[in-house]
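# Fold and contact review
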Amino acid sequence: MKKLFLYLILAAVGAVMLYPLLWLVGASFKSNEEIFSSIWFMPQNFDTDSYKNAWQTVTPYTMGHYFLNTFAIIIPKTVFAVTSSVLVAYGFARFDFPLKKFFFALLICGMLMPSIVTIMPRYLMWSKLGLLDTYIPLTLPSLFAEEGMFVFILVRFFKGVPREFDEAARIDGCGTLKTLFYVLMPCIRPAVISIAVFTFLWTMNDFLGPLIMIQSVEKYPLSLALRLSVDSTGQGYEQRKVIAMSVIGLIPSVAVFALAQKKFVSGITAGGLTG
Amino acid sequence: MNTRKYLNPVGVSKYTGLALISPFIIGAVLFIIYPFVCSFAVGLTNRGSFVGLDNFRDMLSGRDFPQAAGVTFKYALILVPLKLIVSLLVALLLNMELKHIGIFRTAFYIPSILGANLAVIIMWQYLFTSDGLVNQLLSAMGLSPVSWYGNTNAALFIIVLLRLWEFGSTMVIFLAALRDIPRELYEAARVDGCGSIRAFFTVTLPQIKNVIFVNLILQTIAAMQEFSAPYMLTGGGPLGSTRTVGMLIYEEMFTYGSEGTANAVSWVLFVLIAAVVTLLYKLTGRVRRDED
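### Quick notes on the overall build of chain B
For chain B, the count of helices and strands is 14 helices and two strands. Relative to the compact-globule value of 19 Å for 292 residues, chain B shows a C-alpha radius of gyration of 24 Å, a clear excess of over 25%. Across its three principal directions, the C-alpha atoms of chain B cover 80 × 70 × 35 Å. Buried residues in chain B amount to 55% of all 292 residues. The contacts of chain B with a sequence gap of at least 6 include a subset with a gap of at least 24, amounting to 68%. Placing the 21 positive and 17 negative side-chain charges of chain B at their respective mean positions leaves the two points 6 Å apart.

### Some points on the interface of chain A and chain B
In this assembly, 87 residues from chain A lie in contact with 93 residues from chain B. Of the roughly 8,100 Å² buried at the junction of chain A and chain B (both faces included), carbon and sulfur atoms supply 80%. At the junction of chain A with chain B, the criterion picks out zero salt bridges. Connecting chain A to chain B are four residue pairs in polar contact (both at pLDDT 80 or more). With 16 residues, helix 1 (residues 2-27) of chain A is the largest single contributor of residues to the side of chain A that touches chain B.

### Some thoughts on the packing of aromatic side chains
This model, assessed by the stated rule, comprises 37 aromatic pairs over all chains. When the centroid spacing of 5.0 Å and the interplanar angle of 40° are considered together, the rings of Tyr250 of chain B and Phe254 of chain B count as tilted. Highlighted residues: Tyr250 of chain B and Phe254 of chain B, both in helix 13 (residues 245-255), separated by four residues, approximately one helical turn. A relative accessible area of 12% places Tyr250 of chain B in the buried class. Here the aromatic residues Tyr123 and Phe207 of chain A together with Phe227, Tyr231, Tyr250 and Phe254 of chain B are joined through ring pairs into a cluster of three or more.

### Notes on the packing of helix 1 of chain A against helix 4 (residues 101-114) of chain B
Taken N-terminus to C-terminus, the directions of helix 1 of chain A and helix 4 of chain B make an angle of 30°; their axes are 10 Å apart at the nearest point. When the axes of helix 1 of chain A and helix 4 of chain B are compared, the pair comes out roughly parallel. The handedness of the crossing between helix 1 of chain A and helix 4 of chain B comes out as left-handed. In this structure, helix 1 of chain A uses Tyr7, Leu10, Ala11, Val13, Gly14, Met17, Leu18 and Leu21 of chain A to contact helix 4 of chain B, whose residues at the interface are Ile101, Phe104, Ala107, Phe108, Ile110, Pro111 and Leu114 of chain B. Tallied by class, the residues present in the contact of helix 1 of chain A with helix 4 of chain B amount to 14 nonpolar, one polar and no charged.

### A look at the pattern of salt bridges
When the charged atoms of two side chains lie near each other, side chains of opposite charge can form a pair. Residues and elements named next belong to chain A. Under the defined criterion, the tally for this structure stands at 10 salt bridges over all chains. Its salt-bridge partner being Lys52, residue Asp49 comes within 3.5 Å of it at the nearest N-O pair. Taken together, the residues span about one helical turn, with Asp49 and Lys52 both in helix 3 (residues 49-56) at a distance of three residues. Overall, Asp49 belongs to the partly exposed group, its relative accessible area being 38%. Look at Lys52 and you get exposed, because its relative accessible area is 56%. Ionic pairing is found between Glu146 and Arg122, a salt bridge with its closest N-O pair at 2.8 Å. Note that Glu146 is positioned in the loop between helix 7 (136-139) and helix 8 (148-159) and Arg122 in helix 6 (residues 115-128), a separation of 24 residues in sequence. Exposure remark for Arg122: the relative accessible area of 14% places this residue in the buried category.

### Here we look at the side chain of Asn135 of chain B
All names here are of chain B. As for its position among the elements, Asn135 is in helix 6 (residues 133-140). There is a polar contact of 3.0 Å between the side chain of Asn135 and the backbone oxygen of Val146. Apart from the residues lying within four places of it in its own chain, the contact partners of Asn135 are Thr129, Ser130, Pro145, Val146 and Trp148.

### A look at the environment of Val90 of chain B
All names here are of chain B. Looking at the element boundaries, Val90 is found in helix 3 (residues 64-94). Residue classification places Val90 among the buried positions, given a relative accessible area of 7%. Considering only alpha carbons, one finds Val90 and Pro66, 24 residues apart in sequence, at a separation of 36 Å. Val90 has contacts with Phe108, Phe167 and Met171, leaving out every residue within four places of it along the chain.

### Notes on the confidence of the model for chain B
Per-residue confidence for chain B gives a mean pLDDT of 86; residues scoring 70 or more make up 96%. Scored as a complex, the prediction yields pTM 0.87 and ipTM 0.84.

### Section: the packing of helix 10 (residues 176-187) of chain A against helix 11 (residues 189-205) of chain A
Residue and element names in this part refer to chain A. It is at 5 Å that the axes of helix 10 and helix 11 come closest, and there the two elements cross at 75°. Considered as vectors, helix 10 and helix 11 are oriented roughly perpendicular to each other. Contacts between helix 10 and helix 11 involve Met185, Pro186 and Cys187 on the former and, on the latter, Arg189, Pro190 and Val192. When the residues that make up the contact of helix 10 with helix 11 are grouped by side-chain class, the tally is five nonpolar, no polar and one charged.

### Description of helix 11 (residues 209-224) of chain B
Counted at 1.5 Å a residue, the expected span for helix 11 of chain B with its 16 residues is 22 Å, and the 22 Å between its end C-alpha atoms agrees. Residues of helix 11 of chain B that are buried include every one of Lys209, Val211, Phe213, Asn215, Leu216, Ile217, Gln219, Thr220, Ile221, Ala223 and Met224 of chain B, and no others.

Calculation notes
- Residues numbered from 1 in each chain as written.
- Chains lettered and ligands numbered in written order.
- Predicted model: local features only at pLDDT ≥ 70, side-chain atom pairs only at ≥ 80, totals over all residues.
- Heavy atoms only, no water.
- Helix = DSSP H or I, 4+ residues; strand = E, 2+ residues; numbered from the N terminus.
- Rg over C-alpha atoms; globule rule 2.2 N^0.38 Å.
- Buried < 20%, exposed > 50% of the residue type's maximum accessible area, 1.4 Å probe, protein only.
- Contact = heavy atoms within 4.5 Å.
- Lys, Arg positive; Asp, Glu negative; His and termini not counted.
- Charge placed at Lys NZ, Arg CZ, Asp CG, Glu CD.
- Buried area = accessible area lost by both parts, 1.4 Å probe.
- Salt bridge = Lys/Arg side-chain N within 4 Å of Asp/Glu carboxyl O.
- Polar contact = N/O pair within 3.5 Å; in protein donor to acceptor, adjacent residues only side chain to side chain.
- Phe/Tyr/Trp six-rings, centres within 6.5 Å; stacked < 30°, edge-to-face > 60°.
- Axes fitted to C-alpha atoms, helices over the stretch in contact; angles between N-to-C directions.
- Parallel < 35°, antiparallel > 145°, perpendicular 65-115°, else oblique.
- Left-handed = near helix turned anticlockwise from the far one by under 90°.
- Nonpolar A, V, L, I, M, F, W, Y, C, P; charged D, E, K, R; others polar.
- pLDDT = per-residue confidence, 0-100.
- Expected span 1.5 Å × (residues − 1).

Below, the structure written as structure tokens:
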């Protein structure tokens, strides 16, 4: 009886949480009048026209173009973030060196530093270097272990691997980097996957960064293309097109989350932030 | 030669670690320390000429910044406690031994990974339009519809609701902490005659207090730099009632083109956030040390 009650609460909360998303998908098949006249998410008849229009967007470029732009940011960024965070975390977790405590404190400070505070000076810096309206301001910082959180998570994972592994590898003739790649990397794989997935999702979601750094519509990532479509259809007649664009825009995030879900959640929970 | 002062394996130099973390050192200088110093320096200028602390003085005595700071504090004060309580309660439910709990965990987690996506913010905008889903529901229940974007309190509430809806990321962290509590502690509490509510206060809360603190800090920082939700949903209106400091920085820079003020506001926001974090750290210090 008590269990049934718990399931009911969980189901009710879950329904409230997911209904907006369900409604969004349903609305993309509705006519404009139906979107604002019916609470029920199911459309009366499935009209796929909005998707044909949505793919064309409100600009000269298709959504495919914006997807490619987004991936042109995400792919280097993910590679950079994983490589740099693993190296830095390895250094913190396994080696002793001058000023280690100071640098770790700096890492924590960096985690607490709000991005909105540094974005204006960063904008000025990239503008002086003439690199605005390129993807460099959005990708290059990841090469320098920009996300302290990732390093923090990885350090905890490294510490969970017994030091005997490193010693055995060293006796077998592995150097510092070989030990990392052949012995430690397989042990911390869940954390590496989490970092890659987080980078993917956060970059898909990032709005302020591209809004400030990218000016030409041709180079817009998906988030800016979506905003443009809202702005230019603001008078309320082409809402279902914007809704269909939004649904298409969410597909990569949902797909990546679905694929990585199991490893991803265990990655954050197992070593992540507890304790 | 490796000095034994640094506890590395034989044959490993004390510089190996430094070499490994060198990307972080470079990054910290370029993307943390330099912007921090630079925003203060640019904050002292107006259209390229040095004006001393004028920007800071004008900002603090003006109308926009105090209002935006008030909005930001109000927003954080409403959102952060709500989000922590909801995510802890749901985490407690999910921590019970039930079958198929993974489905619910995923369901609650999804909004938090999609939530910052512009597509979701657009969806949220449609939900609260005058003839949107929420008002239709209110009418269906016999309540009068609300002008969500026209009312100063309602507008802030939409943003709070959006961020509250994304409680999944906080919940997952709580859930992991709850899983780490040794079962024996609950058994011991039961032997001592504790009911489940008392066990929550004597066992659960003390065991997860550090995680509560981590979530409190992370959520406070995130709330105090809110930008994209008000920017997209309300444009800061009505009457500036949802214009956060984050939005003010953006407007100063890109609407009014005043680099100096934008950077001065950035810098003051950093000082405010640092002050709030320090205050939270001090306030919770005694609690966190208890029983250690």
